[in-house]
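Spelled out, the chains give:
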Amino acid sequence: MNKVDVIKVLAEDKTFENEVKDKGDNDLEVKIKIQKKEIDTLKAIINLKEIELTAKDDKIKELKKEAKDMLLYP
């Protein structure tokens, strides 16, 4: 999964606003839907952070390899 896929997951749920706009803030169904939406958002954030960490790990490995190569050929 890449950053674009994660962002698409967040943007896909357009029905949320339509489902809760006619109900009050204290409605149990609304609270459950809000909690589910928050969970989905947190999962998406975690996925984005994992992608960023993986990219940084790859960059560190690349830099280590370059440094090792520089030491071999002065």
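Everything here concerns the structure above.
Residues numbered from 1 in each chain as written. Predicted model: local features only at pLDDT ≥ 70, side-chain atom pairs only at ≥ 80, totals over all residues. Heavy atoms only, no water.

*Asks:* What should I look at first to understand the overall build of the protein in this one?
*Replies:* Along the backbone of the protein there are three helices and zero strands. When each of the 74 residues of the protein is scored for burial, the buried share is 7%. For the protein, the exposed area adds up to about 6,700 Å²; of that, 59% sits on carbon and sulfur atoms. (Helix = DSSP H or I, 4+ residues; strand = E, 2+ residues; numbered from the N terminus. Buried < 20%, exposed > 50% of the residue type's maximum accessible area, 1.4 Å probe, protein only. Areas by Shrake-Rupley, 256 points an atom, 1.4 Å probe, with all protein chains shown as cover.)

*Asks:* Quick question: what am I supposed to make of the pattern of salt bridges here?
*Replies:* Side chains that carry opposite charge are capable of pairing whenever their charged atoms lie near each other. If you walk through the whole model with that rule in mind, you get two salt bridges. Among the ionic pairs, Glu52 bridges to Lys49, the shortest N-O distance being 3.5 Å. One end of the pair, Glu52, and the other, Lys49, are both in helix H3 (residues 28-72), three residues apart, so they sit about a helical turn from each other. Taking relative accessible area as the criterion, Lys49 reaches 46% and is therefore assigned partly exposed. For Lys65, the salt bridge goes to Asp69, with nearest N and O atoms at 3.4 Å. (Salt bridge = Lys/Arg side-chain N within 4 Å of Asp/Glu carboxyl O.)

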